[in-house]
Amino acid sequence: MGIFDGLPVSSDKAYLREDISRIDESWAAARFDSLPHVVHILTSKDREGEVQFLKEQSDIIEEVVDEVVHAYHSGFNKAIQNYSQILRLFSESTESIAVLKVDLADAKKRLSARNKQLHQLWYRSVTLRHIISLLDQIEGIAKVPSRIEKLIAEKQFYAAVQVHVQSTLMLEREGLQTVGALQDVRSELTKLRGVLFYKVLEDLHTHLYNKGEYSSAASSVHERDDEVPTTTAVAFFVNNSQPLSRRTRLMKGDSQIGIHVDGSYRPGSVDGGSSFDGRDEEGALELPDDATSDGHMASIRVNGGDGIQKDVKIVSRQMPIWLSNSTPDEFLEAIKKSDAPLHVKYLQTMVECLCMLGKVAAAGAIICQRLRPTIHEIITSKIKAHSELLNCSRSGIGQGDRTVTAGLHLLKGQFQSFQLQKQKRQNGISLVGTLSAVSPVSSVMGPTGKAQSAAMELLDSILDTIVRIFENHVVVGEILESKSTHQSEMNTPRSLPTDWNPDSEASQVTGGYNIGFSLTVFQSECQQLICEILRATPEAASADAAVQTARLASKAPSKEKRDRSDDGLTFAFRFTDATVSIPNQGVDLIRQGWSRRGPNVSQEGYGSAAVLPEQGIYLAASTYRPVLQFTDKVASMLPKKYAQLGNDGLLTFVENFVKDHFLPTMFVDYRKSVQQAISSPAAFRPRAHTAATYTPLVEKGRPVLQGLLAIDFLAKEVLGWAHAMPKFAGDLAKYVQTFLERTYERCRTSYMEAVLEKQSYMLIGRNDIEKLMRVDPASSYLPNPLGQSNIIDNASDAESVDVELELSNLLLALRPIKQENLIRDDNKLILLASLSDSLEYVADSIERLGQTTSRASQVEENPKHRHTRTSSAPTRDLASFADEYRKLAIDCLKVLRVEMQLETIFHMQEMTNREYLEDQDAEEPDDFIISLTAQITRRDEEMAPFVASLKRNYIFGGICSIAANASVKALADMKSINLFGVQQICRNSIALEQALAAIPSINSEAVQQRLDHVRTYYELLNMPFEALLAFIMEHEHLFTAAEYAYLLKVQVPGREIPADAQDRISEILSH
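Keep in mind the model is a prediction, meaning the values are calculated, not measured.

Calculation criteria
Residues numbered from 1 in each chain as written. Predicted model: local features only at pLDDT ≥ 70, side-chain atom pairs only at ≥ 80, totals over all residues. Heavy atoms only, no water. Helix = DSSP H or I, 4+ residues; strand = E, 2+ residues; numbered from the N terminus. Buried < 20%, exposed > 50% of the residue type's maximum accessible area, 1.4 Å probe, protein only. Contact = heavy atoms within 4.5 Å. Areas by Shrake-Rupley, 256 points an atom, 1.4 Å probe, with all protein chains shown as cover. Core = buried A, V, L, I, M, F, W, Y, C linked by side-chain atoms within 4.5 Å. Salt bridge = Lys/Arg side-chain N within 4 Å of Asp/Glu carboxyl O. pLDDT = per-residue confidence, 0-100. Expected span 1.5 Å × (residues − 1). Phe/Tyr/Trp six-rings, centres within 6.5 Å; stacked < 30°, edge-to-face > 60°. 1 Å grid on protein atoms, 1.4 Å probe; cavity = no way out; pocket = protein on both sides within 12 Å on 5 of 7 lines; lining within 4 Å. Points joined across faces, edges and corners; volume = space filled by probe spheres on them. Nonpolar A, V, L, I, M, F, W, Y, C, P; charged D, E, K, R; others polar. Patch = residues over 30% accessible without salt bridge, like charges linked within 9 Å, V, L, I, M, F, W, Y side chains within 5 Å. Axes fitted to C-alpha atoms, helices over the stretch in contact; angles between N-to-C directions. Parallel < 35°, antiparallel > 145°, perpendicular 65-115°, else oblique. Left-handed = near helix turned anticlockwise from the far one by under 90°. Polar contact = N/O pair within 3.5 Å; in protein donor to acceptor, adjacent residues only side chain to side chain.

**Quick look at the overall build of the protein**
Thinking step 1. Scanning the protein from N- to C-terminus turns up 38 helices and six strands.
Thinking step 2. Residues counted as buried form 47% of the 1071 residues belonging to the protein.
Thinking step 3. Relative to all contacts within the protein whose residues are 6 or more apart in sequence, the contacts with residues 24 or more apart total 77%.
Thinking step 4. Only carbon and sulfur atoms are counted for the fraction: they give 52% of the accessible area of the protein, which is about 54100 Å².

Following this line, the structure appears as structure tokens:
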């Protein structure tokens, strides 16, 4: 920027800025040297021009100066006027001060003459003001009792406590201690202190168990498995900080509530996440229909204001209604700024009232005394309400008042009943009745039975209520412990153990009440409820945990007690109630009307039998998941110092019970059921009518053997228990494997009884035949693992013919076939067919179960979960058992196929024992063909209900190739045959073709093609030799050279064969 920038030049003379910018800044230098400019003009060629240029620049500068002077002229004048005004004011002030000094000196002289009289008047006025103040205070204190009673009636407890505390402190002042008229007021305030304590404690107790006006209520009965309940844990921070809960440690935000040594409050950490639907159990609160169930929804009605909805939460910054008459202080300011739910603010207020009254220990003692009876009453009432809902649902009364839970429970039971009724009777045998008789438990007590769902639903509901109550105890417990720690001034080093000690000084300050005690009682009551559901009889819990532990350590479990399953299960609690030390002030309160029931008073039953269809040890499966979810939720609330209580509590008890009692009992019961299922006379008896058709669905009548159907049902049921208790899935999978091993051995025994010492069984074990049967295209009809196609194309037609021919030659080489080496009993063949289909059904079912179990294990082993869900992996997977069952099913089919082929050979070998020199044309096939076709038809009809069409194709599909090959080879053993003999053999092939074509699963075109080949071969015997040569030249590959040679060898009446016939045929075939 230039030195002339910023000059106040008007806009109409903006050209001056450009003109002045052309002036060299050297003219404005502090030490101006004119000599260079003079020399420049003198040496210039146009001196007058240079001089004229300087004059123009001078005029520009003068014009700019005029503009500057014009712009600042008014300012200069105003500044001069202001300075003159200031000077005038200073002069007047000097004169006034001089006069004031004279007046002050005169006043000093006059006051000094009346000094003592003024002092006396001042002292009298002070005394009178003090007396007036005391009279006002006395008058106000006299009205305090009625004011406190009014505030109590309006449930303004904090305001009442404030007035009481202020009045008590005022009465302790020096001036009022000797006033006799206030003795009655003192007495009334003392009584009101007790009344206030009772009212506050009763209201706190009511809200602790979610029965109060401002309590939170569950928006739904069930939550997701992986969802943690939205709780609030409020902790007050003092100089020696206490370990806080996991939730509280995450909530150190801008609004924190803390305590100072003087008892004042600062904003503290509050979680506003508890769900609240605006209605408690007594229906005290109601909200608009469009209100969302989260945050401070109750504040809409209680505060009488409209909340601000943001992120599905309504947060109110207004003062709660129960503090509307209170005197503003730091606690009220902290409550107003807090984002805690309404019920948490109320619990904070009640605890603060107890602290201001100095009744923390007494309150803690009474809460401890009433904890167990109250929880017992809540559980009992919950069960009764559940029972009433179910009764109303069943009777059709009060449909408008049904809850979603009761409706779902009823629908689930009806659906299961419908499914059982839907399964049809199979050929006179009831599938439902069969399976129900096999299982060691009734359908009601099964893994998906009504009793299991009812027990799980009941426990879910009760434990959800307990969790919500425990949220309140965490809030109150952390506040009381923080205050007790401050009051006792404990400075425990962090290196010391922080395990809960009920006899600690902090516990005594709170009357024995803390989070650990409440959690212990909760879990103990839940454990007793579970014992009632399981019909187990726990030993009486001792109040002294150390004594009980020593007693249990020295007491070995009796074998007689373990074996006496009928007398009930016996086990000890893993946790006990803590001894409650009640201060003297608490004893008085109990005597004045509070419940006298202690924590160790024996409790009556809960009445769960009215809700559950059945009770017993098998309901342990339905208790596992609710207890697991309960433990996860409780663990998320607990501070670190109580973490061990959550780990060693209810879940440990349930897991130990399942491991030590339930699983052994289940194994014995199911092992017995498996043994009965596979050893009964009807276990391996085919149970289908011959007139029935095969169906692949058991529900529609698939004739699975009763023993295998029962084993499949038991395996699914045991794995159903594994789904309910994923941690023990490995143990239950081992049980299933044990049962499958025993069943497989029984199936193997039944199979061996049918095929032992039979030629077909021995043949399928030969390596050469086994290899040929494996590559045979017909093997594509054999059972395959799930998901794989049944039809494979791994060989060409020529290769297929070669395999069939080679296999046929091997079997024909076994001639003569003896009848005693064949399975002549059709019942055994039917058993093999039924056993094959049943084994395939079980194999597919096992494979599906294995896949389902594998997926469930992967889900359950999610690392997000805190508990280990699987104990041990099974040594073998279920897929290996499926392979074994399927392999045995394949062996049964192979035996049946080879057996039918051997039967064909057995009948066809009669062709070599007779001469076909017939005198006349016979109208019927040979007797052995009639016998063979009758046998084929009969066995096909008998096996049809037991095997699928593809399996029937496999069983009877090998007959055609064997019969065709045997018929062709039979010519080699014949010496002579005439025209009628040829017609007889053709009639035999036609009869066999008709019998095989009658089997629906067999390809009739393939059968006709093969047997046409036989008829063509024998009809060549009717041709003259020259015609035969012409046929061979056209169809040299239709038959083999040996087969053509047999045509020449056999004697046919009327046919002339030249001597060189064989050479001529060989010459044709050699080209």
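**Things to note about the nonpolar core**
Thinking step 1. In terms of nonpolar packing, the biggest core is built from 236 residues, with Phe662, Leu708, Trp721, Met725, Met974, Ile977 and Tyr1018 touching the most fellow members.
Thinking step 2. The dominant element in this core, judged by the number of residues it contributes, is helix H30 (residues 878–908), at 17 residues.
Thinking step 3. Discounting chain neighbours no more than four positions away, the residues touching Leu708 are Phe684, Thr743, Cys747, Leu835, Ser838, Leu839, Val842 and Tyr885.

**Considering the pattern of salt bridges**
Thinking step 1. Tallied over the full model, the rule gives 27 salt bridges.
Thinking step 2. The salt bridge involving Glu333 is made with Lys337; its shortest N-O contact spans 3.8 Å. Placement of the pair is Glu333 and Lys337 together in helix H10 (residues 330–337), with a separation of four residues, close to one helical turn.
Thinking step 3. A relative accessible area of 42% means that Lys337 is categorised as partly exposed.
Thinking step 4. With a closest N to O distance of 3.3 Å, Asp776 and Arg897 form a salt bridge. Pair noted here: Asp776 is in the loop between helix H27 (767–775) and helix H28 (797–812) and Arg897 is in helix H30, with a separation of 121 residues, a long-range link. Of the two residues examined, Asp776 and Arg897, each falls in the buried class.

**Re the confidence of the model for the protein**
Thinking step 1. Across the protein, the average pLDDT comes to 75, with 71% of residues at 70 or higher.
Thinking step 2. Note that residues 540–603 has pLDDT below 50 and, in this model, 113 contacts with residues that lie over four places away or in other chains.

**Side note on helix H3 (residues 47–112)**
An α-helix turns once every 3.6 residues. As a result, residues three or four positions apart point the same way.
Thinking step 1. With 66 residues, H3 extends 94 Å from end C-alpha to end C-alpha; this agrees with the ideal 98 Å at 1.5 Å per step.
Thinking step 2. Among the residues of H3, those classed as buried are Gln57, Ile60, Val64 and Glu67.
Thinking step 3. The elements touched by buried residues of H3 are helix H1 (15–21).

**Quick look at the packing of aromatic side chains**
Thinking step 1. Inspection of every chain in the model, using the stated rule, returns 19 aromatic pairs.
Thinking step 2. Between Tyr72 and Phe76, the aromatic rings sit 6.1 Å apart at their centres with planes inclined by 25°, giving stacked as the arrangement. Placement of both Tyr72 and Phe76 in helix H3 is noted, with a separation of four residues, approximately one turn of the helix.
Thinking step 3. Given a relative accessible area of 42%, Tyr72 falls into the partly exposed group.
Thinking step 4. For Phe76, a relative accessible area of 53% translates into the label exposed.

**Focus on helix H32 (residues 949–956)**
Thinking step 1. With six of eight residues buried, H32 is to be regarded as a mostly interior element.
Thinking step 2. Along H32, the residues that are buried comprise Lys951, Arg952, Asn953, Tyr954, Ile955 and Phe956.

**Description of empty space enclosed by the protein**
Thinking step 1. Using the criterion set out here, one finds four cavities of 30 Å³ or more in the structure.
Thinking step 2. Estimated volume of the largest cavity: approximately 70 Å³.
Thinking step 3. Looking at the largest cavity, the residues that line it are Met908, Met911, Phe928, Ile929, Ala963, Ser967, Ile985, Asn988, Ser989, Leu992, Leu1011 and Val1014.
Thinking step 4. Those elements that provide at least two residues to the lining of the largest cavity are helix H31 (927–943), helix H33 (959–970), helix H34 (979–997) and helix H35 (1004–1019).
Thinking step 5. Ranked by residue count, the leading element in the lining of the largest cavity is H34, at four residues.
Thinking step 6. Looking at the lining of the largest cavity residue by residue, the classes come out as nine nonpolar, three polar and no charged.

**Structural notes on the environment of Pro726**
Thinking step 1. Checked against the element boundaries, Pro726 lands in the loop between helix H24 (706–724) and helix H25 (729–755).
Thinking step 2. Along the backbone, Pro726 and Thr853 are 127 residues apart, and their C-alpha atoms lie at a distance of 9.6 Å.

**Notes on a nonpolar patch on the surface**
Thinking step 1. A cluster of nonpolar side chains, Leu128, Ile131, Ile132 and Leu135, forms an exposed patch at the surface whose accessible area comes to about 380 Å².
Thinking step 2. Counting through the fold element by element, Leu128 comes out in helix H4 (residues 115–142).

**Focus: the packing of helix H7 (residues 183–208) against helix H11 (residues 342–357)**
Thinking step 1. One can describe the packing of H7 onto H11 by two numbers: an axis separation of 10 Å at closest approach and a directional angle of 150°. Our classification of the angle between H7 and H11 gives roughly antiparallel. Of the two elements, H7 crosses H11, and the hand of that crossing is left-handed. Facing H7, whose interface residues are Arg193, Leu196, Phe197, Val200, Leu201, Asp203, Leu204, His207 and Leu208, H11 presents Tyr346, Leu347, Met350, Cys353, Leu354 and Leu357.
Thinking step 2. Here the residues of the contact of H7 with H11 are counted per class, giving 12 nonpolar, one polar and two charged.

**Focus on the environment of Ile479**
Thinking step 1. Tracing the chain through its elements places Ile479 in helix H15 (residues 450–488).
Thinking step 2. Residue Ile479 is classed as buried on the basis of its relative accessible area, which comes to 1%.
Thinking step 3. The sequence separation of Ile479 and Asn514 amounts to 35 residues, and the corresponding C-alpha distance is 9.7 Å.

**Regarding unusual backbone geometry**
Thinking step 1. Pro816 follows Arg815 through a cis peptide bond whose omega is 5°.
Thinking step 2. Relative to the assigned elements, Pro816 resides in the loop between H28 and helix H29 (826–860).
Thinking step 3. At Asn210, a position not held by glycine, the phi torsion is positive, near 55°.
Thinking step 4. Its place among the elements puts Asn210 in the loop between H7 and helix H8 (246–249).
Thinking step 5. With relative accessibility at 6%, the residue Asn210 sits in the buried group.
Thinking step 6. Positioned with a positive phi, Glu757 is a non-glycine residue whose angle comes to about 65°.

**Things to note about the packing of helix H5 (residues 144–153) against H7**
Thinking step 1. In the contact formed by H5 and H7, the axes pass within 10 Å of each other and the chain directions differ by 15°. Between H5 and H7, the angle falls in the class roughly parallel. In terms of crossing hand, the pair formed by H5 and H7 is left-handed. Across from Val144, Pro145, Ile148, Glu149 and Ile152 in H5, the residues of H7 making contact are Val185, Glu188, Leu189, Leu192, Val195, Leu196 and Lys199.
Thinking step 2. The residue makeup of the contact of H5 with H7, split by class, is nine nonpolar, no polar and three charged.

**Some words on the side chain of Gln162**
Thinking step 1. Tracing the backbone through its elements, the reader meets Gln162 in helix H6 (residues 157–171).
Thinking step 2. Assessed through its relative accessible area of 6%, Gln162 is described here as buried.
Thinking step 3. Of the polar contacts made by the side chain of Gln162, one reaches the side chain of Asp329; its length is 3.1 Å.

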